[in-house]
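Per-entry structural report
Listed here are the chains, written in short residue letters.
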Amino acid sequence: MATTLPETATSQSQTLIPSPIEIDTDSSIGGNLKSEEIRSTNGGDSVDKLTEKHPGNDDETQGDKRKREGEDEEGETKARHPMWKTSLCSFYRRQDKDCSHGENCRYAHSEEELRPRPDNSWDPTSERAKKIMKLENGDNIVGKDDVREDVFMPDALVDSLDPSLDKCLLNLPKKWISDDLKSFMDELGVVYKTARKKTGMAVGFVGFETADLVKAGIERMDGKAIGNRHVKVANVVPRTFEKKAMLTVPDSDDPDGPLSINGSEDGNAVPRARTVRDAVTPLAHMSYSDQLEHKKNSLAQTLKRLTRHARKACSGGVTLPEWILKSKEIGGLPCKLEGIVESPLVKGYRNKCEFSVGLSVQGKPTVGFMLGNFREGVTAVEEPVDCPNVSQISCKLASIFQGYLQHSALPVWNRIDNTGFWRQLTVREGRNPGSNYDIENFEANISEVMVMVQVCTTGIDKEVLTKEFQSMALAFSEGVSASSPPLPLTSLVVQDHTGISNVAPADAPLKPLSMLKAKSASGEESESSVVEGIHDYIGNQRFCISPTAFFQVNTLAAEKLYSLAGDWAGLGPDTLLFDVCCGTGTIGLTLAHRVGMVVGIEMNASAVLDAKRNAEINNIKNCRFICSKAEDVMGSLLKEYIDVAIEKEEPLRVSETNDSGDASGQKESSLDGKVDLESISNETSEANNESGCPQICQEEVKGRIQTICSSEDQNGRNGSLMRQYKDVVAIVDPPRAGLHPTVIKALRTHPSLRRIVYISCNPESLVANAIELCTPSTDKSEKGNTNNRGWRNRSVAGQARQRAKSMPTSEPYQPIKAMAVDLFPHTPHCETVMLLERF
């Protein structure tokens, strides 16, 4: 729609507006906008005065010839208003399209068309004006078409405490590597300390010794032509953690006074380098009571998000459950948070430490922890000194291995180009039996230690590997013997892993090494037997731990965690307990004496074998362990143990064993071809024969499920028939990602399962899983979102809300109570226990 403005009677109006002007209400300069709105929309131009001639409807220009191609700028300026295209078209800013005026529009439709105003200023809504404003404020800016003046340093830490000694080179050939950059600077005669360049990037990083060398290097490199591009020298922007580390360094004479770079108090403080203590134990600077309060408050905020997301999931006419309505009475929490259980041991509590192998800031092969995440550009590794959660035994073994690497001919792992041999060192510790431990001298209770070295054998000759492993084993033997007192090194294992991340798959090859002892007086070397695992104790029960099996890193706090889970589960002689993600069976075995039957589910085959051994070592006969993914077997197991008993179908019999320990009617399953069951069975039989335990029995359930049961008795009689249990409880302890949606669906939809105790090391995944378990079902289940892109962009809780809408009609659980257990002092993490019930 267009509005016609009539000619006015005034002479001034007749002069400026000799003919009617049509203003398109759908365009950028008309419509229902008031004059003030038009003025603000177009960057402050006086559009509303209507005293400017529109080029498309100007009678003074209609009779003239159109400007031909090649006409000079002066002619155009005379023919058009001085404010021609000095502001961006509002339609362009909103829609990124051309308005209806087309080429005759007096407003610019892009930054390229935009022109400076007569006073050399720019439209304040334009990118150029925003850049100028930021420059005036001293901010760093990056334009769409401009070269960035400051860039991040992605490959390693800044080489010096003074960031001004590190520079970035822009416009380098992307195919260059560090050697090409070094050759380029050598040709220019630049004296540098370090030079880094990664393939595929147009930037490189150079470090200098002194400020004079920086100045000389800039003069030689800045503007140097490489092909059709010119090198530009820029500053290096500190990363986030480096900005936080820009703390003042206390003077030796005045601990509270700042020390500047040049020694004078001019406010230029020396940045403090980030330490391993900051990276590994960020809460170590706080008292332990303050740490507990911090974790409790953090967990409370996370649980409040459960209430908010569950309320959103009940949209569409779904009645809010009672626990959401009552949440206002307890500050928005879904249930009562009953506090936090502190760890009995605060220092050196970790029984498992994974040390990275890499180069330190000084370029020295180091065994320790990374100073940050790789996505932050941090690849430097520093020794685990002053880390209160690491034991002295682990630190000493890491030091022994680091000393060996100084003389090894094989390189350490390079995380930038994913090459090298030595990757990671894992140290696991096992305690002596007993309940009365000396907390002040807890390391005296360590009786067994296992060391696993992760390597990448790609491209390495087999003879070289054999010789290197023998040399490494001897170095460990000599190192532990030379320590005072000698270190209890029991097992030495090598893991071969070729992936990018140090997190190896469960089927990564393992090779146990014999411990070569130092030469005796006769000049001969003695060799100890090969041992693959170690043992630890939870309460009075002994647990066998293989190199890759999961076992809680804080054993004393884990005892409190499992006891709390058992108390909340309401166990009894008629209880069937499902231990989901059971690992080595620690939870189920510690609670087996309180229930009628335990069924453990774990996907790690070696952990399942450990669980079987642990049941036999502790003479526990009411446990069955299944090696498979929980999402693959949870539904079948619920039907097998609950539905079959209720419907009084033919009960399932376990495999029969005779007095000699041979299994009759035994079948093998492939476990997706990932595990050699025959070799596992042979190894387990040998281990059982040595320990006097009955031979392992296996049976095939539902075709592809490998089961390892221990319900047979030692007299060779048939296993007990399946019985009906009055109470069915599930204790789940999933990894950080939480439970698979299929597992949640099985737990939610089976009516006989009335109680779940959820143990979580990640409160975010607990929130997501609880949304699906505790949100009421809708009358009409919604199918999954067809917009895959929108689905991926949702948060974890948002995805859980969407899945909750498609949950089959079933009775939801209710969160009853929650409690935190601190298994990780000096870090922000803790274990969360939540009881879910339906009545």
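Because the structure is a prediction, the values reported are computed rather than measured.

Quick notes on the overall build of the protein chain
Regarding its fold elements, the protein chain presents 23 helices and 30 strands. A burial count over the protein chain gives 48% of its 839 residues as buried. When the accessible surface of the protein chain is summed, it comes to about 41900 Å², and 48% of that surface belongs to carbon and sulfur atoms.

So, the sheet that holds strand β15 (residues 446-455)
Taken in spatial order, the seven strands of this open sheet run β13-β12-β11-β14-β15-β16-β17, and their pairing is mixed. Each end of this open sheet is capped by a strand with a single partner; those strands are β13 (381-382) and β17 (510-513). Bridge analysis of strand β11 (residues 352-359) against strand β12 (residues 365-370) gives four bridges, and the strand direction is antiparallel. Residue pairing for β12: Val-357 is matched across the bridge by Val-367. This element, helix α13 (residues 392-405), spans β11, β12, β14 (422-431) and β15 of the sheet and lies at about 150° to β14.

Describing the confidence of the model for the protein chain
Taken as a whole, the protein chain shows an average pLDDT of 74; of its residues, 68% reach a score of 70 or greater. In this model, residues 244-272 is a region of pLDDT below 50 whose contacts with residues beyond four sequence positions or in other chains number 35 contacts. Note that residues 646-721 has pLDDT below 50 and, in this model, 130 contacts with residues that lie over four places away or in other chains.

Some remarks on helix α7 (residues 178-188)
Leu-181, Phe-184, Met-185 and Leu-188 are the residues of α7 that are buried. Each buried residue of α7 lies within a common arc of 90° when the element is viewed along its axis, so the set occupies one face. Its buried side turned inward, α7 meets β4 (166-170), β5 (194-197), β6 (204-207), α8 (211-221) and β7 (225-226). Where α7 terminates, the next one or two residues include Gly-189, which has phi positive at roughly 75°.

Re the environment of Gly-372
Following the sequence through the fold, Gly-372 ends up in the loop between β12 and β13. Residues Gly-372 and Thr-275, spaced 97 residues apart in sequence, show a C-alpha to C-alpha distance of 9.6 Å. Setting aside anything within four residues of it in sequence, one finds Gly-372 in contact with Arg-274 and Val-378.

Considering the packing of aromatic side chains
Inspection of every chain in the model, using the stated rule, returns nine aromatic pairs. Ring centres of Phe-355 and Phe-369 lie 5.2 Å apart, and the angle between their planes is 45°; on these two criteria the pair is classed as tilted. Of the two residues, Phe-355 is situated in strand β11 and Phe-369 in strand β12; the sequence distance between them amounts to 14 residues. Geometrically, the ring pair formed by Phe-578 and Tyr-641 is edge-to-face, given 6.4 Å between the ring centres and 85° between the ring planes. Of the two residues, Phe-578 is situated in strand β20 (residues 575-580) and Tyr-641 in helix α18 (residues 630-647); the sequence distance between them amounts to 63 residues. When its relative accessible area of 0% is taken as the criterion, Phe-578 is described as buried.

Concerning the pattern of salt bridges
Taken as a whole and assessed by the stated rule, the structure comprises 17 salt bridges. The salt bridge partner of Arg-755 is Glu-837, with a shortest N-O separation of 2.9 Å. Taken together, the positions of Arg-755 in strand β28 (residues 755-760) and Glu-837 in strand β30 (residues 831-837) put the pair 82 residues apart, joining distant regions of the chain. Take Arg-755: its relative accessible area is 16%, and that puts it in the buried class. In this structure Glu-837 comes out as buried when scored by relative accessible area, which is 15%. In this structure, a network of salt bridges that share partners links the residues Arg-431, Asp-536 and Glu-559.

Re the nonpolar core
The biggest cluster of nonpolar side chains holds 91 residues, and the ones touching the most others in it are Leu-397, Phe-401, Trp-422, Leu-425, Val-453, Met-472 and Phe-476. When residues of this core are assigned to their parent elements, the largest contribution, nine residues, is made by helix α15 (residues 555-569). Setting aside residues up to four positions removed in sequence, Leu-425 forms contacts with Cys-353, Glu-354, Phe-355, Val-357, Val-367, Leu-397, Ala-398, Phe-401, Val-451, Met-452, Val-453 and Phe-476. Within the second largest apolar cluster, 56 residues are counted, among which are Ile-601, Val-743, Ala-746 and Ala-800.

Details of the packing of α13 against helix α14 (residues 462-482)
Close contact between α13 and α14 brings their axes to 10 Å; oriented N to C, the two are set at 135°. Here α13 is positioned oblique relative to α14, judged by the angle of their axes. Viewed along their axes, α13 and α14 form a crossing whose handedness is right-handed. Between α13 and α14, the residues in contact are Leu-397, Ile-400, Phe-401 and Tyr-404 and Glu-468, Ser-471, Met-472, Ala-475, Phe-476, Gly-479 and Val-480, respectively. For the contact of α13 with α14, a count of residues per class yields eight nonpolar, two polar and one charged.

A closer look at the pairing of β14
Of all the 10 residues making up β14, 10 are buried; the element is thus mostly covered by neighbouring parts of the structure. Pairing geometry for β11 and β14, over five bridges, is antiparallel. Residue pairing across strands places Phe-355 opposite Leu-425, the latter belonging to β14. Bridge count between β14 and β15: nine bridges; the pairing is antiparallel. Note that in β15 the partner of Trp-422 across the bridge is Val-455.

Some remarks on unusual backbone geometry
Here the amide bond leading from Ser-484 into Pro-485 is cis, since omega sits at -5°, within 30 degrees of zero. Mapped onto the elements, Pro-485 comes out in the loop between α14 and β16 (489-496). Positive phi, close to 55°, is recorded for Lys-85, a residue that is not glycine. The residue Lys-85 is located in the loop between α4 (73-79) and α5 (90-95) in this model. A relative accessible area of 11% means that Lys-85 is categorised as buried. Here the phi dihedral of His-826 falls at roughly 75°; this positive angle occurs in a residue that is not glycine. Tracing the sequence through the fold places His-826 in the loop between β29 (814-821) and β30. Owing to a relative accessible area of 7%, His-826 belongs among the buried residues under this scheme.

So, the packing of helix α20 (residues 741-749) against helix α21 (residues 763-774)
Packing of α20 against α21 brings their axes to within 9 Å, and their N-to-C directions diverge by 35°. As α20 runs across α21, the sense of the crossing is right-handed. Along the contact surface, α20 presents Ile-744, Leu-747 and Arg-748, while α21 presents Asn-769, Glu-772, Leu-773 and Cys-774. Per-class residue counts for the contact of α20 with α21 are four nonpolar, one polar and two charged.

Notes on the pairing of β28
With six of six residues buried, β28 lies mostly within the body of the structure. In this structure, β28 lies alongside β30, joined through six bridges in antiparallel fashion. For Ile-759, the partnering residue across the bridge sits in β30 and is Val-833.

Concerning α14
With 21 residues, α14 extends 30 Å between its outermost C-alpha atoms, agreeing within 8% with the 30 Å of an ideal straight helix rising 1.5 Å per residue. When we look at burial in α14, the residues that qualify are Leu-465, Glu-468, Phe-469, Met-472, Ala-473, Ala-475, Phe-476, Ser-477, Gly-479 and Val-480. Here the buried face of α14 lies against α13, β14, β15, β16 and β17. Capping of α14 at its N-terminal end is provided by Asp-461; its side-chain oxygen lies 3.1 Å from the backbone amide nitrogen of Glu-463.

Points about the environment of Val-231
Mapped onto the fold, Val-231 is located in the loop between β8 (229-230) and β9 (232-237). The residues touching Val-231, leaving out its near neighbours within four places in the chain, are Leu-169, Leu-170, Leu-172, Phe-184, Met-221, Asp-222, Gly-223, Lys-224 and Ile-226.

Structural notes on the side chain of Ser-546
On the secondary structure map, Ser-546 appears in the loop between β19 (541-545) and α15. When near neighbours in sequence (up to four residues on either side) are disregarded, Ser-546 contacts Arg-428, Met-450, Ser-606 and Asp-610.

Considering the state of the cysteines
Each disulfide is one covalent bond, formed between the sulfur atoms of two cysteines. According to the stated counting rule, one finds zero disulfides in the structure shown. Cys-395 carries a free sulfur, and the closest cysteine sulfur to it, the one in Cys-387, is 7.0 Å from it. Free of any disulfide, Cys-581 has its nearest neighbouring cysteine sulfur in Cys-582, separated by 8.1 Å. The class of Cys-581 is partly exposed, set by a relative accessible area of 23%.

Conventions used here
Residues numbered from 1 in each chain as written. Predicted model: local features only at pLDDT ≥ 70, side-chain atom pairs only at ≥ 80, totals over all residues. Heavy atoms only, no water. Helix = DSSP H or I, 4+ residues; strand = E, 2+ residues; numbered from the N terminus. Buried < 20%, exposed > 50% of the residue type's maximum accessible area, 1.4 Å probe, protein only. Areas by Shrake-Rupley, 256 points an atom, 1.4 Å probe, with all protein chains shown as cover. Pairing = 2+ DSSP bridges. Contact = heavy atoms within 4.5 Å. Axes fitted to C-alpha atoms, helices over the stretch in contact; angles between N-to-C directions. pLDDT = per-residue confidence, 0-100. Arc of directions from axis to C-beta. Phe/Tyr/Trp six-rings, centres within 6.5 Å; stacked < 30°, edge-to-face > 60°. Salt bridge = Lys/Arg side-chain N within 4 Å of Asp/Glu carboxyl O. Core = buried A, V, L, I, M, F, W, Y, C linked by side-chain atoms within 4.5 Å. Parallel < 35°, antiparallel > 145°, perpendicular 65-115°, else oblique. Left-handed = near helix turned anticlockwise from the far one by under 90°. Nonpolar A, V, L, I, M, F, W, Y, C, P; charged D, E, K, R; others polar. Expected span 1.5 Å × (residues − 1). Polar contact = N/O pair within 3.5 Å; in protein donor to acceptor, adjacent residues only side chain to side chain. Disulfide = S-S within 2.5 Å.

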